[in-house]
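Fold and contact review
The chain contents come next:
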Amino acid sequence: MHPRPSPIAASLYTLRDLDADVIILHGPHGCCFRTGRLLETDGVRVLTTAMSEQDFIFGASDKLTETLRKAHEMFSPRLVGVVGTCASMIIGEDLREAVQRAGIPARVLTVESHGGFGEGDNTEGAIIVLEAAAEQGIIPEEEAERQIKMLKLATEIEKTRGMAQGEYIRPSYGDDKDEVALRVIESIMEGRRVAFVLNAKKETSYLFADILTLPFSSLKPDNPPIIIANLDRDVGLPRIQRHAENILSEIEGCGNRVDHITGGLDEYPITGARAAEILRNEKIEFAVVSGVPHALPVEELDLESVAVTDGPRLVEPLRGLGYTHVVAELDAHARTLGQSSIVGSDFGDALRRNIEKVI
């Protein structure tokens, strides 16, 4: 009953992860405007065929062919993604035929997505990109199958534990970050077993990993918190592996270490359960879970907890799952696109302020 991410946007992000040089949206110039502009900061050229009312009646395959040729002339791309929109799919545009007529030397992936594709879940748009990439040999079939499995599990989590549960969820900005930060610091200084869990996806991990770089050991040297993270540098597409490598290097450079690796940055639907098992085995009394905290079964654990999310509409569902405190970070995608190092977070800043007061 409230807006959710679009399959078209998911197609764009997945083409970005495949290192596409150019993406062409075959639709009106306003379709997925924000996503297209944001992806430009990640080094992808995002173009549009700018379909108009007349094109909705007579078709716009010539515009697509012309845009493909211009893209080749301007950028000499190696990989181009052509993504359908609601407008082009409703009138039945033949994307592949237009690509063939363009005759450019680049490899071109055609993705016949639209806003209501499949069940309308954003992951549907990512899945069809992966299927097309496997079909053309850009990624191995087994890698496509693994990622598709993860995406389907992610959809299940959103529909059962997240903001896609069906009813309207009022946006909320969570608890006061300074108050929650003080509670984290107090727990460490009181000698409680504290853990920080990163269960984030893709580039948003650059923001959610910020709190893993703080000098918590200076609060009580004999009681350092443990760090659990889905930062396996050998899992996922090369871009995703690079994110994990960059973050691990920064955490270690700050004098901290990741004690447990639960999986890769595209495995967040299953790494939450792995993290929960570690929390149980380590007898953790206080856990801070950031990124996609609703993928961790906190209701099965006996501990005080903090969820750090990027979704105002996830705050209430997270409280319903059993998190003691919930804080929200805004614009995680916008703040992390194009980044290759950890960026500051609002909750990280709150922790810094209060650690300085105590030290």
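Criteria and thresholds
- Residues numbered from 1 in each chain as written.
- Predicted model: local features only at pLDDT ≥ 70, side-chain atom pairs only at ≥ 80, totals over all residues.
- Heavy atoms only, no water.
- Patch = residues over 30% accessible without salt bridge, like charges linked within 9 Å, V, L, I, M, F, W, Y side chains within 5 Å.
- Areas by Shrake-Rupley, 256 points an atom, 1.4 Å probe, with all protein chains shown as cover.
- Salt bridge = Lys/Arg side-chain N within 4 Å of Asp/Glu carboxyl O.
- Lys, Arg positive; Asp, Glu negative; His and termini not counted.
- Charge placed at Lys NZ, Arg CZ, Asp CG, Glu CD.
- Helix = DSSP H or I, 4+ residues; strand = E, 2+ residues; numbered from the N terminus.
- Buried < 20%, exposed > 50% of the residue type's maximum accessible area, 1.4 Å probe, protein only.
- Arc of directions from axis to C-beta.
- Contact = heavy atoms within 4.5 Å.
- Domains from an automatic or database assignment.
- Buried area = accessible area lost by both parts, 1.4 Å probe.
- Polar contact = N/O pair within 3.5 Å; in protein donor to acceptor, adjacent residues only side chain to side chain.
- Core = buried A, V, L, I, M, F, W, Y, C linked by side-chain atoms within 4.5 Å.

1. Quick look at a negative patch on the surface
The grouping of Glu-131, Glu-141, Glu-142 and Glu-145 at the surface amounts to a negative patch. The leading source of residues in the negative patch is helix α8 (residues 141-161), at three residues. Along the chain, Glu-142 turns up in helix α8.

2. Thoughts on helix α2 (residues 33-40)
Within α2, burial applies to Thr-35, Gly-36, Leu-38 and Leu-39. Buried residues of α2, seen end-on, are gathered within an arc of 165 degrees and therefore sit on one face of the element. Looking at the buried side of α2, the elements it contacts are α1 (7-17), β2 (45-48) and α14 (332-336).

3. Some thoughts on the domain arrangement of the protein chain
If you check the domain split of the protein chain, you get domain 1 (7-139) and domain 2 (177-356). Listed per partner, the contact involves 11 residues of domain 1 and 12 residues of domain 2. Between domain 1 and domain 2, roughly 1000 Å² of surface is buried when both sides are summed, and carbon and sulfur atoms account for 49% of that area. In this structure, the connection of domain 1 to domain 2 is made through six salt bridges. Here Arg-34 and Asp-331 are joined by a salt bridge, their closest N and O atoms 4.0 Å apart. Scanning the region where domain 1 abuts domain 2 turns up five residue pairs in polar contact (both at pLDDT 80 or more). Contributing elements (two or more residues each) for the side of domain 1 that touches domain 2: α1 and α2.

4. Digging into the side chain of Arg-16
Relative to the elements of secondary structure, Arg-16 occurs in helix α1. What makes Arg-16 buried here is its relative accessible area of 1%.

5. So, a nonpolar patch on the surface
A surface patch of nonpolar side chains, about 570 Å² in accessible area, is lined by Phe-56, Ile-57, Phe-58, Ile-90 and Ile-91. With three residues, helix α3 (residues 53-58) is the largest single contributor of residues to the nonpolar patch. Following the sequence through the fold, Phe-58 ends up in helix α3. Exposure remark for Phe-58: the relative accessible area of 67% places this residue in the exposed category.

6. Focus: unusual backbone geometry
One non-glycine residue, Asp-19, lies in the positive phi region at around 65 degrees. With respect to the helices, strands and loops of the structure, Asp-19 is situated in the loop between α1 and β1 (22-26). Looking at Asp-19, the relative accessible area reads 29%, which means it is partly exposed.

7. Remarks on the nonpolar core
Val-184, Leu-231, Val-288, Val-306, Phe-347 and Leu-351 are the most contacted members of the largest nonpolar core, which has 73 residues in total. Per element, the largest residue contribution to this core is eight residues, and it comes from helix α7 (residues 122-135). Residues within four places of Leu-231 in sequence aside, it is in contact with Leu-198, Ala-244, Ile-247, Leu-248, Ile-251, Ile-261, Gly-263 and Leu-265.

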